[in-house]
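Observations on chain architecture
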Amino acid sequence: MQTCSCNCHQIKKKQADPTALGIISFSISTFVLALLSLGIVTDNATVICGWGFFMGGLCQFSAGMWDYARGNSFGGCAFAVYGAFWFTTGINFLPVAGIEQSYTDGTYMKATGICTFAWVILNAIFSYSAWRTQPKTSFTTFFLLFLSLIFLSIAQIFGVSFCYKVGGIVQIMAAVVGLYVSTIILSTPETVHDEVTVVIDKV
């Protein structure tokens, strides 16, 4: 048995950057959530379910797993967590789940606001981490989302309808910055790296 050690079996494999997919998914799903916060999507909020499960959930979670494989702990954690957020949001708006109907005491929005406040804390962590390790545009995206969730949690817990509008506007700002970041990533050839994979043939 012999192992080929020459370079004739070396194959160049291109490894793409999944960050663009994650940020696009993040931005578009945030934009759709902003439409809900602004009251544009109110009559039938179940339209959020499809976005939640696929654009916000599946795409972001997949980008997170691929970022982990590339050794990007921040991107892997952030995208996976936000993917899980959108999976749960999709279920929350799914009529067959009956979550809102189960709150017979009328405390559904207050309970939702408490959950939203938990995401405020999480976004504070992501914002701080992005400030320390990521480009400032990425920090801006997380910080704007952090601010929007503060307003949304206030609106949901205390019933301040004006905060919905403010939160929705800030969410749109976060989505715009995120789309800008993803555009830069997609427009930069250096985001595609060449890796050498050695194929070992045993004779």
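Residues numbered from 1 in each chain as written. Predicted model: local features only at pLDDT ≥ 70, side-chain atom pairs only at ≥ 80, totals over all residues. Heavy atoms only, no water.

The chain carries the name GPR1/FUN34/yaaH family protein in an unreviewed UniProt entry, which gives Basidiobolus ranarum as its organism. Per UniProt, the chain has the following entry under Subcellular location (unreviewed entry): "Membrane". Regarding the chain, the relevant UniProt record gives this comment under Sequence similarities (unreviewed entry): "Belongs to the acetate uptake transporter (AceTr) (TC 2.A.96) family." (UniProt positions renumbered as here; feature names shortened; annotations may be inferred.)

It is worth spelling out the overall build of the chain at this point. Scanning the chain for helices and strands turns up six helices and two strands. Listed N to C, the secondary structure of the chain is β-α-α-α-α-α-α-β in terms of helices and strands. Looking at the chain as a whole, 38% of its 203 residues qualify as buried. In the chain, the share of contacts with a sequence separation of at least 24, taken over all contacts with a separation of at least 6, comes to 74%. Approximately 11,400 Å² of the chain is accessible, and the part contributed by carbon and sulfur atoms is 68%. (Helix = DSSP H or I, 4+ residues; strand = E, 2+ residues; numbered from the N terminus. Buried < 20%, exposed > 50% of the residue type's maximum accessible area, 1.4 Å probe, protein only. Contact = heavy atoms within 4.5 Å. Areas by Shrake-Rupley, 256 points an atom, 1.4 Å probe, with all protein chains shown as cover.)

We now examine helix α5 (residues 136–158). Between the first and last C-alpha of α5 there are 33 Å, a value that for 23 residues agrees with the 33 Å anticipated at 1.5 Å per step. Remark: Gly159 follows α5 within two positions and exhibits a positive phi of approximately 70°. (Expected span 1.5 Å × (residues − 1).)

Bringing the packing of helix α3 (residues 73–92) against helix α4 (residues 108–133) into the picture now. The interhelical angle for the contact between α3 and α4, taken along N-to-C directions, is 165°, at an axis separation of 11 Å. Here α4 runs roughly antiparallel to α3, going by the angle between their axes. Like other packed secondary-structure pairs, α3 and α4 cross with a definite hand, here left-handed. Mapping the contact onto sequence places Phe74, Cys77, Ala78, Val81, Tyr82, Phe85 and Asn92 in α3 and Tyr108, Trp119, Leu122, Asn123, Phe126, Ser129, Ala130 and Thr133 in α4. For the contact of α3 with α4, the per-class residue count stands at 11 nonpolar, four polar and no charged. (Axes fitted to C-alpha atoms, helices over the stretch in contact; angles between N-to-C directions. Parallel < 35°, antiparallel > 145°, perpendicular 65-115°, else oblique. Left-handed = near helix turned anticlockwise from the far one by under 90°. Nonpolar A, V, L, I, M, F, W, Y, C, P; charged D, E, K, R; others polar.)

With respect to the element layout, Val47 can be found in helix α2 (residues 47–69). Take Val47: its relative accessible area is 44%, and that puts it in the partly exposed class. Val47 sits 11 residues away from Leu36 along the chain, and the two C-alpha atoms are 10.0 Å apart.

Both the distance between ring centres and the angle between the ring planes are used here to describe each pair of aromatic rings. Under the definition given, this model contains 14 aromatic pairs. When the centroid spacing of 4.6 Å and the interplanar angle of 70° are considered together, the rings of Phe85 and Trp119 count as edge-to-face. Here Phe85 is found in helix α3, whereas its partner Trp119 is found in helix α4, with 34 residues between them in sequence. Of the residues examined, Trp119 reaches a relative accessible area of 19% and is grouped as buried. Ring geometry for Phe139 and Phe143: centres 5.6 Å apart, planes at 20°, overall stacked. In this pair, Phe139 and Phe143 both sit in helix α5, four residues apart, roughly one turn of the helix. (Phe/Tyr/Trp six-rings, centres within 6.5 Å; stacked < 30°, edge-to-face > 60°.)

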